[in-house]
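Remarks on the overall topology
Single-letter residue listing:
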Amino acid sequence: MCGIVGYVGPKSTLEVLIGGLRRLEYRGYDSAGVSVISPSGHLETRKKAGKLGNLVAEIEEHPLPVANIGIGHTRWATHGAPTDGNAHPHLGGKRQKLSLIHNGIIENFAELKAELVAAGTSFSSETDSEVAAHLIAREFEKSGDLVTAFSAVVVRLHGAFTILVIDEDQPDVIVAARRNAPLVIGLGDGENFLGSDVAAFVEHTKRAISVGQDEIVILRANSVEVRSFDGKPVQLEEFTVDWDASAASKGGWSSFMAKEIADQPQAVADTLMGRLNSDGSVHLSETDGLSHEDIKNLERIIIVACGTAAYAGDIAKYAIEKWSRIPVQVELSHEFRYRDPIITKNTLVVAISQSGETMDTLMATRYAKEHGAKVLAVCNTQGATLARESDAVIYTHAGPEVAVASTKALTAQITAGYLLGLWLASIRAVVPAAELKRLGKDLLKMPGRVSQVIAGLKQAERLGTEMADAKSVLFLGRNVGFPVAMEGALKLKELAYIHAEGFAAGELKHGPIALIEEGQPVVVIVPSPRDEESLHPKVISNIQEIRARGAKVIAIAEEGDDQVASYAENVIYVPQCEPLLAPILTVIPLQTFALALSTAKGLDVDQPRNLAKSVTVE
Ligand code: F6R
């Protein structure tokens, strides 16, 4: 994980670096550091364990010189505890004039370290990254050229890395490389940027280039050159970032998470925009990499994703199967490729990832491609590796999601899943076109309904605040309510650090009901009673079973469900909609509930302990 930023140009380098790190802090916040080279040619470094604020305080106490070039890092610790010494940048060689930052894991670092130690190098950290700093410094002493030295070393490194290097003796250039970890270039006028993602520099420029696998970047204020590891020049493909810089700031909200919950009507509307016509028909031009013939021949869809994104996949499964009659299985990316899955050329793998950089999901999609499947990505980040490596991409237009816990990216992913389902169904033509259009029209109404849910979140907030002392909360759901229950539990675990579990309500009597005792809070996602095949009566029976054993029930139910109130201590109502679309609405009170409970416990909701937003290690 870790966030990386680099800048060369006339602006205040420190301001650019700290601003970039602030936007990248979601990637890791165990420590932070910067190195700059002053116009008089001196390399200076400041680094500090803990959140970015500690580094800023350190710089206030020990100011850095004005500079035109620098690199910055925010760390999610892998090798070595989160201490000042293990924080990046790391200095290389006896000269200590070369500074390096690294995101990823150098898998052969032990062997390389042994080689350096035998040659008399001493280390000042426990990180794998310092090895690369010393190796490059040693090569630099031989050749006197940073690019030559850097190129000689990166080919020796195994594993995943984005590495940025500057050196006092060549003070006009940042040299960078990427393998299995993200790196994006930001193009300015007389200035250029590097970042783990576009959030690092979107405040300054919207012109970007994403760096490919095994490529080296040579960045100066007035030039950008990219070469492959074997020295061949790489053709640069520029794209325009469509994120608004202000979208990545809190804008008066108490937390990014609170803001991002409130952003959801827009995230859903933007994801639908241009893809769903007013008559309810779907137009997905991004899927041009997949022909109608490919779709007609599909035997199976496998959705790969992790965490919250996998729950979006679970919800999409219900819709895609029901509407297109194509069998769908949802796999956790990290489990998928290790069990020899059955993949044919008629398998479509749908990879869902907000960041597009989750290593587990990238590895799963690479595996699927190698075995002949087509890959369709559902991704929120332009220029991300997943998007580059897939046959087609449906971008979720949720905008930058900064809080570590996913909220608006999830509702945008669910929305994209419905669009995909309707699009596949329109090609497979099993369900009548008129019925698909009716569903499409209902989907068009979702942003308005999401706004209504957001306007009524006070109750969820109050319940979360009142339950700050809860030791355990259970979540129950059926059908599309089941993944919503799982997501509600995940939010509570990651934000409030309490025991929380989601169950399929029908599974309760097969074991989990033994957990119910007097006072146990249980949140139940109640299905619509209007659906002919509704599971409503069954879920009401489940509620009665747990209440008989002492559970305190919070129900999430649709407006007009008059029965539920007599079976629950509290009912949070959401607007009526097509039952399969309900997760977009029912998940929102659960987000607010977790946010309020975590806030009441005095915890950091945007940066929960031990986590990072973008999980770029396996
Ligand atoms: C939980 C959460 C994570 C991510 C997961 C996948 O709130 O955010 O579970 O959903 O790490 O991340 P992406 O979507 O970037 O692949």
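The present account deals with the structure reproduced in this document.

Scoring rules and cut-offs
Here the residue index of a chain counts from 1 through its sequence in written order. Whole-chain, interface and lining totals are the exception, using all residues; otherwise, since this is a predicted model, local features are given only for residues with pLDDT of at least 70 and side-chain atom pairs are given and counted only at 80 or more. Note that the side-chain values use all heavy atoms of the structure and ignore hydrogens as well as water. In this description, a line fitted to the C-alpha atoms serves as the axis of each element, helices being fitted only across the stretch in contact, and the angle between N-to-C directions of two axes falls anywhere from 0 to 180 degrees. Strands are runs of DSSP state E lasting at least 2 residues, helices are runs of H or I lasting at least 4, and numbering of each runs from the N terminus. Any angle between 65 and 115 degrees counts as roughly perpendicular, while under 35 counts as roughly parallel, over 145 as roughly antiparallel, and the rest as oblique. We call two residues contacting when some pair of their heavy atoms lies within 4.5 Å. Note on residue classes: Ala, Val, Leu, Ile, Met, Phe, Trp, Tyr, Cys and Pro are nonpolar, Asp, Glu, Lys and Arg are charged, and everything else, Gly too, is polar. Whenever a nitrogen or oxygen atom comes within 3.5 Å of another N or O atom, the pair is scored as a polar contact, on the condition that within protein one atom can donate a hydrogen and the other can accept it, and that pairs from neighbouring residues in sequence are kept only if both atoms are in side chains. Think of it in three bands: residues with accessible area under 20% of the maximum for their type are buried, residues over 50% are exposed, and the middle band is partly exposed, with areas taken using a 1.4 Å probe on protein chains only. If DSSP finds at least two bridges between two strands, the strands pair. By the criterion used throughout, a crossover qualifies as right-handed when its path from the first strand across the helix to the second strand runs clockwise, the strands pointing away from the viewer. By salt bridge we mean one thing: a side-chain nitrogen of Lys or Arg within 4 Å of a carboxyl oxygen of Asp or Glu. The rule for a residue being near a molecule or strand is that one of its heavy atoms must lie within 4 Å of it. Computed by Shrake-Rupley with a 1.4 Å probe, the accessible areas treat only the displayed protein chains as cover when residues are assessed. Should the near helix be turned counterclockwise from the far one by less than a right angle, the crossing is left-handed, whereas a clockwise turn marks it as right-handed.

Considerations on the packing of helix 13 (residues 408-428) against helix 19 (residues 583-600)
- Here helix 13 crosses helix 19 at 170 degrees, and the two axes come no closer than 10 Å. As far as their axial angle goes, helix 19 and helix 13 are roughly antiparallel. Between helix 13 and helix 19, the residues in contact are Leu410, Thr411, Ile414, Thr415 and Tyr418 and Pro583, Ile584, Val587, Ile588 and Gln591, respectively.
- Broken down by class, the residue content of the contact of helix 13 with helix 19 amounts to 7 nonpolar, 3 polar and no charged.

Notes on the side chain of Thr381
- Here Thr381 is to be found in the loop between strand 18 (374-379) and helix 12 (385-389).
- Here the side chain of Thr381 touches Ser355 through a polar contact of 3.4 Å, landing on its backbone oxygen.

Here we look at the pairing of strand 17 (residues 347-353)
- With respect to burial, strand 17 is a largely interior element, 7 of its 7 residues being buried.
- Neither face of strand 17 is open: one carries Thr347, Val349, Ala351 and Ser353, the other Leu348, Val350 and Ile352, and all of them are buried.
- Of the strand pairs in this sheet, strand 15 (residues 300-305) and strand 17 are connected by 5 bridges, and their pairing is parallel. In the sheet register, Ile303 faces strand 17, and the bridge partner there is Val350.
- One ladder, built from 6 bridges, connects strand 17 with strand 18; its direction is parallel. Counterpart to Leu348 in the pairing with strand 18 is Lys374.
- Between the parallel pair strand 17 and strand 18, the chain is carried across by helix 11 (residues 359-370), and the sense of this crossover is right-handed.

Some thoughts on the pattern of salt bridges
- Taken as a whole and judged by the stated rule, the model has 34 salt bridges.
- Between Glu141 and Arg95 there is a salt bridge, and its shortest N-O distance comes to 3.9 Å. With a gap of 46 residues between them, Glu141 in helix 4 (residues 129-143) and Arg95 in the loop between strand 5 (90-92) and strand 6 (98-106) connect regions that are remote in the sequence.
- Measuring nitrogen to oxygen at the nearest pair gives 2.8 Å for the salt bridge that ties Glu569 to Arg547. You can see Glu569 sitting in the loop between strand 23 (552-558) and strand 24 (570-574) and its partner Arg547 sitting in helix 18 (residues 536-547), a full 22 residues away along the chain.
- Overall, the relative accessible area of 36% leaves Glu569 in the partly exposed class.
- Within this structure, Arg95, Lys97, Glu141, Asp167 and Asp169 form a network of salt bridges that share partners.

Re the site of the ligand
- Close to the ligand lie 13 residues; Ser353, Gln354, Ser355, Thr358 and Glu494 are nearest.
- Here Thr308 contributes a backbone N or O atom positioned 3.1 Å from an oxygen atom of the ligand.
- Within the side chain of Lys491, an N or O atom sits 2.7 Å from an oxygen atom of the ligand.
- Protein chains shield 89% of the accessible area of the ligand, which is 410 Å² for the free molecule.

What to know about the sheet that holds strand 6
- Across the sheet, which stays open at both edges, the 6 strands sit in the order 5-6-7-8-12-13 with antiparallel pairing between neighbours. Since the sheet does not close on itself, it has two edges, and those belong to strand 5 and strand 13 (224-228), each with one partner. Here the strands of the sheet are splayed against their neighbours by 20 degrees on average, with no regard to which way each runs.
- Both strand 8 (residues 174-179) and strand 12 (residues 215-219) contribute to a ladder of 5 bridges, which runs antiparallel. Looking at the pairing, Arg178 lines up with Glu215 of strand 12.
- Packed onto the sheet, helix 4 meets strand 5, strand 6 and strand 7 (159-167) and runs at close to 135 degrees relative to strand 6.

Observations regarding the packing of helix 15 (residues 446-455) against helix 19
- Packing of helix 15 against helix 19 brings their axes to within 10 Å, and their N-to-C directions diverge by 20 degrees. Looking at the two axes, helix 15 sits roughly parallel to helix 19. Handedness of the crossing formed by helix 15 with helix 19: right-handed. Note on element contacts: helix 19 touches helix 15 through Ile584, Leu585, Ile588 and Pro589, opposite Met446, Arg449, Val450, Val453 and Ile454.
- When the residues that make up the contact of helix 15 with helix 19 are grouped by side-chain class, the tally is 8 nonpolar, no polar and 1 charged.

Section: the sheet that holds strand 23
- Taken together, the 5 strands give an open sheet; going across it, the order is 21-20-22-23-24, and neighbouring strands pair in parallel fashion. Of all strands in the sheet, those with a lone pairing partner are strand 21 (499-504) and strand 24, marking the two edges. The average undirected angle you get between the axes of adjacent strands in this sheet is 20 degrees.
- Pairing of strand 23 with strand 24, which is carried by 5 bridges, proceeds in the parallel orientation. Looking at strand 24, one finds that Glu558 is bridged to Val574.
- Of the strands in this sheet, strand 20 (472-477), strand 22 (521-525) and strand 23 are in contact with helix 18, which crosses strand 22 at around 175 degrees.

Coordinates in, geometry out; function isn't part of it.
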